[in-house]
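These are the residues of each chain, in order.
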Amino acid sequence: MGKKSIPLPTLVLWAIALFVTAVFCWILGDIVWHGMGQLSWEFLTTEPRNAGREGGIAPILISTCLILGVCMAVSLPLGISTAVLLAEFTTTESGFGRLVRRSLDVLAGVPSIVFGLFGNAFFSIKLGLGFSILSGGLTLACMVLPILIRSAEAGFRAVPADYRLGAAALGLSRTTTLWKLLLPAATPGLVVGLVLGIGRAIAETAALIFTSGYVDRMPESLLDSGRSLSIHIFDLSMNVAGGDANAYASALVLLILLLLVNGIATWTARFWLARRITS
């Protein structure tokens, strides 16, 4: 008997996967090749000079971390709470649940520039926060919430119903069931939403131009304006002649920061899950 031939759909899927991987490796290799020579401790700890052509990215790095911190501090409790409400206290057939889910799906597809204009009108002007790190972080939280809520809800709905029935048979309260059983079991879905949300927030440019601003000095508080790494890369590559070298180095730092934050989030979730299971 001859060998079985590989089906055409399988070949097409493998070809697409290899093509996407190759494009990613090409982009990553280009950034590493051009940015590694500029990367140094001095680059990470000094302020930019000469419109960013010289010096480092210390204020930009601090501003990026603060913006991301505000975004996660606001979106995580709101996102998980809303996901619990949709998954555990509303049915898929309820009108309220359908309305909220449809609204989240629509918001997930809204262009980032629209969120930027909304953040500028509401947070910067209406609430009087101006161009500040706080305005940028709150705007990013609005962008991240739809992804985080839908991923977390899927994680809660993936938990087998036997968990809930067993907890009810043991006389456990809804709060205890949620905290001791459902939340640890839904951790993979939460991690997926968190990683996707962080990835969108940390690389956002359009929304932050209208909310956090362009200022590249060291921020003194959350009400100060601050330039994120993504805006810094955009400015160096598009508006500053001779800024390509530092733009590549900043892009490499952004990739490393993204990997570090995602790794820390995944490790923290696994550590918390192990502690919940053994306790």
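Everything numeric here is computed off the predicted structure, so don't read it as measured data.

A. Main features of the overall build of the protein chain. Each helix and strand counted, the protein chain has 12 helices and two strands in total. Secondary structure of the protein chain in N-to-C order comes out as α-α-β-β-α-α-α-α-α-α-α-α-α-α. Projecting the C-alpha coordinates of the protein chain onto the three principal axes gives extents of approximately 70 × 70 × 40 Å. Across the 279 residues of the protein chain, 40% fall into the buried class. In the protein chain, 73% of the contacts between residues at least 6 apart in sequence involve partners at least 24 apart. For the protein chain, the accessible area works out to roughly 15400 Å², and carbon and sulfur atoms hold 71% of it. The centroid of the 19 positive side-chain charges in the protein chain is displaced by 14 Å from the centroid of its 15 negative side-chain charges.

B. A look at the environment of Pro 59. In this fold, Pro 59 is placed in helix α3 (residues 58-88). When the C-alpha atoms of Pro 59 and Ala 168 are compared, they prove to be 52 Å apart, with 109 residues separating the residues in sequence. Ignoring anything within four residues of it in the chain, the contact list for Pro 59 reads Thr 46, Glu 47, Pro 48, Asp 216, Arg 217, Met 218 and Pro 219.

C. Expanded view of the pattern of salt bridges. Scanning all chains against the criterion turns up six salt bridges. Here Glu 153 ties to Arg 157 by a salt bridge, and the two come within 3.1 Å at their closest N and O atoms. Of this pair, Glu 153 and Arg 157 are both found in helix α6 (residues 133-157), four residues apart, which corresponds to roughly one turn of the helix. Under the relative-accessibility criterion, Arg 157 is labelled partly exposed at 35%.

D. Spotlight on the packing of aromatic side chains. All chains considered together, the criterion is met by three aromatic pairs. Taken together, a centroid distance of 5.7 Å and an interplanar angle of 10 degrees make the contact between Phe 118 and Phe 122 stacked. Within this pair, Phe 118 and its partner Phe 122 are both found in helix α5 (residues 112-126), separated by four residues, close to a single helical turn. Residue classification places Phe 118 among the partly exposed residues on the basis of a relative accessible area of 39%. Taken together, a centroid distance of 5.9 Å and an interplanar angle of 80 degrees make the contact between Phe 118 and Phe 123 edge-to-face. Owing to a relative accessible area of 8%, Phe 123 belongs among the buried residues under this scheme.

E. Quick look at empty space enclosed by the protein. Counting across every chain of the model gives one cavity of 30 Å³ or more. Within this model, the largest cavity holds a volume of roughly 50 Å³. Forming the walls of the largest cavity are Thr 64, Ile 67, Leu 68, Leu 140, Ala 201, Ile 202, Leu 208 and Ser 228. At the level of secondary structure, the elements contributing two or more residues to the lining of the largest cavity comprise α3 and α9 (187-202). Sort the elements by how many residues they give to the lining of the largest cavity and α3 lands first, with three residues. Class assignment for the residues of the lining of the largest cavity results in six nonpolar, two polar and no charged.

F. The arrangement of helix α4 (residues 95-108) in detail. The terminal C-alpha atoms of α4 lie 20 Å apart, and with 14 residues this matches the ideal 20 Å at 1.5 Å per residue to within 8%. For α4, every residue scored as buried is listed here: Gly 97, Arg 101 and Leu 104. When α4 is viewed along its axis, its buried side chains cluster within an angular range of 60 degrees and face the same direction. Across from the buried face of α4, at angles greater than 90 degrees, the exposed residues are Leu 99, Arg 102 and Val 106. Packed against the buried residues of α4 are α3 and α6.

Criteria and thresholds
Residues numbered from 1 in each chain as written. Predicted model: local features only at pLDDT ≥ 70, side-chain atom pairs only at ≥ 80, totals over all residues. Heavy atoms only, no water. Helix = DSSP H or I, 4+ residues; strand = E, 2+ residues; numbered from the N terminus. Buried < 20%, exposed > 50% of the residue type's maximum accessible area, 1.4 Å probe, protein only. Contact = heavy atoms within 4.5 Å. Areas by Shrake-Rupley, 256 points an atom, 1.4 Å probe, with all protein chains shown as cover. Lys, Arg positive; Asp, Glu negative; His and termini not counted. Charge placed at Lys NZ, Arg CZ, Asp CG, Glu CD. Salt bridge = Lys/Arg side-chain N within 4 Å of Asp/Glu carboxyl O. Phe/Tyr/Trp six-rings, centres within 6.5 Å; stacked < 30°, edge-to-face > 60°. 1 Å grid on protein atoms, 1.4 Å probe; cavity = no way out; pocket = protein on both sides within 12 Å on 5 of 7 lines; lining within 4 Å. Points joined across faces, edges and corners; volume = space filled by probe spheres on them. Nonpolar A, V, L, I, M, F, W, Y, C, P; charged D, E, K, R; others polar. Expected span 1.5 Å × (residues − 1). Arc of directions from axis to C-beta.

Purely geometric numbers; function is a separate question.
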